[in-house]
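Survey of secondary and tertiary structure
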Amino acid sequence: MRVDFYHLTRDPAPQALVLIAGKALQGGQRMLVVCEDEAARTALSDAMWATPGFLANGETGQPGADMQPVLLSPEMTVPLNGARLVALADGIWRDDALEFDRAFLFFDASTIDGARGAWRALGERDNVERRYWKQADGRWVEGP
């Protein structure tokens, strides 16, 4: 299981998520996006719809949720769309993410302490590969 930590220092979560979700969908994957805040979920959805070619998405509990390539939810849930990728877009780590094939944790200065704690805790687990990504010169680079 792989967990990618995305440190948001320049771009907000919606902009970063569009890139990651776009690559996932190009690879034939489906994704669950978890974010507690309703306004933030709306911003995530709007960003995906506004990207060139758009990234179709919908909310859990809505008709057709099982058909959506990207499913947004306020909490960890069994993804009705069959997603094996999960994006934690609110900076809050949830251990249920370990049930997926791959997890993405997007965090910024306000959630960095929780991300550090998750990094340390996941380092003690077997079968969890951690990667840290930071923004440099307008792109994502893997770093220490």
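Look up a bit, the structure's there.
Now for a look at the structure at hand. Please read all numbers here as calculations on a predicted model, not as lab measurements. (Residues numbered from 1 in each chain as written. Predicted model: local features only at pLDDT ≥ 70, side-chain atom pairs only at ≥ 80, totals over all residues. Heavy atoms only, no water.)

In this section: the environment of Asn-81. Mapped onto the elements of the fold, Asn-81 is located in the loop between β4 (70-73) and β5 (85-88). Separated by 31 residues in the primary sequence, Asn-81 and Ile-112 have C-alpha atoms spaced 30 Å apart. (Helix = DSSP H or I, 4+ residues; strand = E, 2+ residues; numbered from the N terminus.)

Pairing within the open sheet is mixed, and its eight strands lie in the order β3-β4-β2-β5-β6-β1-β7-β8. If you trace the sheet from one side to the other, it starts and ends with β3 (57-59) and β8 (139-142), each paired once. Recorded for the sheet is a direction-independent mean angle of 25 degrees between the axes of neighbouring strands. In terms of strand pairing, strand β2 (residues 31-34) meets β5 through four bridges, oriented parallel. Note that in β5 the partner of Leu-32 across the bridge is Val-86. The strands that helix α1 (residues 13-26) touches are β1 (2-7), β2, β4, β5, β6 (102-107) and β8; relative to β2, the one it contacts most, it runs at about 160 degrees. The sheet strands contacting helix α2 (residues 38-50) are β2, β3 and β4, and the helix crosses β4 at an angle near 165 degrees. (Pairing = 2+ DSSP bridges. Axes fitted to C-alpha atoms, helices over the stretch in contact; angles between N-to-C directions. Contact = heavy atoms within 4.5 Å.)

Residue position: Ser-73 is located in strand β4. Residue classification places Ser-73 among the buried residues on the basis of a relative accessible area of 1%. With sequence-adjacent residues up to four places away left out, Ser-73 is seen in contact with Leu-32, Val-33, Val-34, Cys-35, Arg-41 and Thr-60. (Buried < 20%, exposed > 50% of the residue type's maximum accessible area, 1.4 Å probe, protein only.)

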